[in-house]
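Chain by chain, the residues run as shown.
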Amino acid sequence: MMNSKHAAFIYTDDFLRYSFHEEHPFNQNRLLLTKDLLVMSKSLSEKQIIAPQLMEEEYVLSVHSKDYIEAVKQASEGKRIDPHKYGIGTHDTPSFSNMYEASLMTVSGSLEACSQVLSGKVKHALNLAGGLHHGFPTRASGFCIFNDIAITIKYIRDHYNLKVLYIDTDAHHGDGVQHCFYDDPNVCTVSFHETGRYLYPGTGKTSERGVKDGFGYSFNFPLDAFTEDDSYLEVFKNSLEEITAYFQPDIIVSQHGVDAHALDPLTHLHCTLDIFEQIPVIIHNLAHQYCNGKWVALGGGGYDIWKVVPRAWSQLWKVMTEENAIFQGSITKDWLNKWEPLSPVALPTSWQDSETFYRDIPRRAEISENNKKMYKQVLKFIENKKGDKT
């Protein structure tokens, strides 16, 4: 087992204040469910939990405009602002009381995770409250107000001048982060997501490769709807290994949306918990191979908060702390006894998925072939670059 000093778990109950309304799919109780599951499974100790301090607004200004930040403050106080201009007050991203403070605390958590790693206190750090990848410099979008990921990457670039590999595993394209670094050759953004033909935000095509000096440092892998584990992992592993070797990063920042699961109510991918066991192992290995272990991991999407998110995110932490180990067997009864009375559904009793929920996809071979052609097409750019050097 790794020493607890190798990884930091960033958490404060203030993260739970990032809450739109009771019926909204973005429900931060998933943070509490995950933390409880880890503590009750004896895989998270008090020594590993770091509570972030509220950061100064100047960090947010590195990515977001002053005008937009002022609009967030006004919406926090119940004032109506232009939803078309600022993206706040829409069905997806309604305003809520103290929205500014809650959003700033989310950013503070990701910056604390970054600080823990870059100060050398730990090799890896995790902020599950972060990962709000749809936020744009002048507007909110897709449940995301401040883009904590972009702010964190900008901090790394401005203060440490490190090359950053950003990996996004959310079923929705990481459009906001890509936008912020689309012309930056020192930030390589890689997004594995469901094709935008069927799903918000509709971006993330294979042709989106960056502009100016940043051309060739944005990679998008739009997966067919109903993609399953084997095809997803083939695309993920082969592509990421080749891109990391090509880019040679100094640090990895990863977003761990877990809405690619078949039970997620907002997406159409058809994966199981298996991919969320293997994704962090692949990233962990690359972090040690190329970055001396420097890895900042963040949360993201995930809307089956009872059956999927706690198990998937717990596996991520387990890998970060115990050299690629994963949870297996039965889930601790302490957690089940605490949360079952509050859950609207039967909670899973095993770390791995039961086969009873799964239905076969008739187009499996066709989907897998489409995904294979897609990722090979994206990686042709790297092959051509190699050819230019010979």
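These remarks concern the structure in this document. (Residues numbered from 1 in each chain as written. Predicted model: local features only at pLDDT ≥ 70, side-chain atom pairs only at ≥ 80, totals over all residues. Heavy atoms only, no water.)

**Observations regarding the overall build of the chain**
Broken down by element type, the chain carries 12 helices and eight strands. For a compact globule of 390 residues, the expected C-alpha radius of gyration is about 21 Å, and the chain comes in at 20 Å, within 12% of that figure. Structurally, the chain occupies a C-alpha span of about 60 × 50 × 40 Å along its principal axes. Residue burial in the chain is summarised as follows: out of 390 residues, 59% are buried. When the 38 basic and 50 acidic side-chain charges of the chain are each reduced to a single mean position, those positions are 4 Å apart. (Helix = DSSP H or I, 4+ residues; strand = E, 2+ residues; numbered from the N terminus. Rg over C-alpha atoms; globule rule 2.2 N^0.38 Å. Buried < 20%, exposed > 50% of the residue type's maximum accessible area, 1.4 Å probe, protein only. Lys, Arg positive; Asp, Glu negative; His and termini not counted. Charge placed at Lys NZ, Arg CZ, Asp CG, Glu CD.)

**Digging into the pairing of strand β4 (residues 164–168)**
Within β4, five of the five residues are buried, which leaves it mostly tucked inside the rest of the structure. Alternating positions in β4 separate into two faces, Val164, Tyr166 and Asp168 on one and Leu165 and Ile167 on the other, with burial throughout. Relative to strand β5 (residues 187–194), β4 is paired through five bridges, and the arrangement is parallel. The partner of Ile167 across the bridge, within β5, is Val190. (Pairing = 2+ DSSP bridges.)

**Observations concerning helix α8 (residues 229–247)**
With 19 residues, α8 should cover 27 Å at 1.5 Å per step; its first-to-last C-alpha distance of 26 Å lies within 8% of that length. Buried within α8 we find Asp229, Ser231, Tyr232, Leu233, Val235, Phe236, Ser239, Leu240, Ile243, Thr244, Tyr246 and Phe247. Two residues or fewer after α8 comes Gln248, characterised by a positive phi angle close to 55 degrees. (Expected span 1.5 Å × (residues − 1).)

**Concerning the environment of Arg359**
Mapped onto the elements, Arg359 comes out in the loop between α11 (333–339) and α12 (364–389). Accessibility expressed as a relative area gives 51% for Arg359, which makes it exposed. Along the primary structure Arg359 and Ala262 are separated by 97 residues, whereas in three dimensions their C-alpha atoms are 9.4 Å apart.

**Concerning the pattern of salt bridges**
The final tally for this structure, using the stated rule, is 16 salt bridges. For Lys66, the salt bridge is made with Glu57, and the minimal N-O distance between the two is 3.1 Å. Owing to a relative accessible area of 44%, Lys66 belongs among the partly exposed residues under this scheme. Two residues, Glu57 and Lys73, come together in a salt bridge whose shortest N-O distance is 2.8 Å. Of the two residues, Glu57 sits in the loop between β2 (49–50) and α2 (58–61) while Lys73 sits in helix α3 (residues 66–76), which places them 16 residues apart along the sequence. (Salt bridge = Lys/Arg side-chain N within 4 Å of Asp/Glu carboxyl O.)

**Let's talk about helix α10 (residues 309–321)**
For α10, spanning 13 residues, the distance from its first C-alpha to its last is 19 Å, which sits close to the expected 18 Å at 1.5 Å a residue. A positive phi of about 50 degrees marks Glu323, the residue just after α10.

**Thoughts on the packing of aromatic side chains**
Tallied over the entire structure, the rule returns 25 aromatic pairs. Ring plane angle 90 degrees and centroid distance 5.7 Å describe the contact between Phe357 and Tyr358, whose orientation is recorded as edge-to-face. Grouped by ring-pair contacts, the aromatic residues Tyr18, Phe20, Phe26, Phe96, Phe143 and Tyr303 constitute a single cluster. One residue, Lys163, lies across the ring of Phe247, its end atom 4.5 Å from the ring centre. (Phe/Tyr/Trp six-rings, centres within 6.5 Å; stacked < 30°, edge-to-face > 60°. Lys NZ or Arg CZ within 6 Å of the ring centre and 35° of its normal.)

**Quick word on the nonpolar core**
Membership of the largest hydrophobic core comes to 122 residues, with the highest contact counts inside it found for Phe146, Phe219 and Phe221. Ignoring any residue separated from it by four or fewer positions in sequence, one finds Phe219 in contact with Cys188, Thr189, Val190, Ser191, Ile243, Tyr246, Val378, Phe381 and Ile382. (Core = buried A, V, L, I, M, F, W, Y, C linked by side-chain atoms within 4.5 Å. Contact = heavy atoms within 4.5 Å.)

**A closer look at the sheet that holds strand β8 (residues 295–298)**
Within the open sheet, the eight strands sit side by side as β2-β1-β3-β8-β7-β4-β5-β6. Their pairing is parallel. The two strands at the open ends of the sheet, each matched to only one other strand, are β2 and β6 (218–223). Where strand β7 (residues 251–255) and β8 come together, four bridges link them in parallel fashion. Within β8, the residue paired with Ser254 across the bridge is Ala297.

Take it as geometry only, folks, not as evidence of what the structure does.
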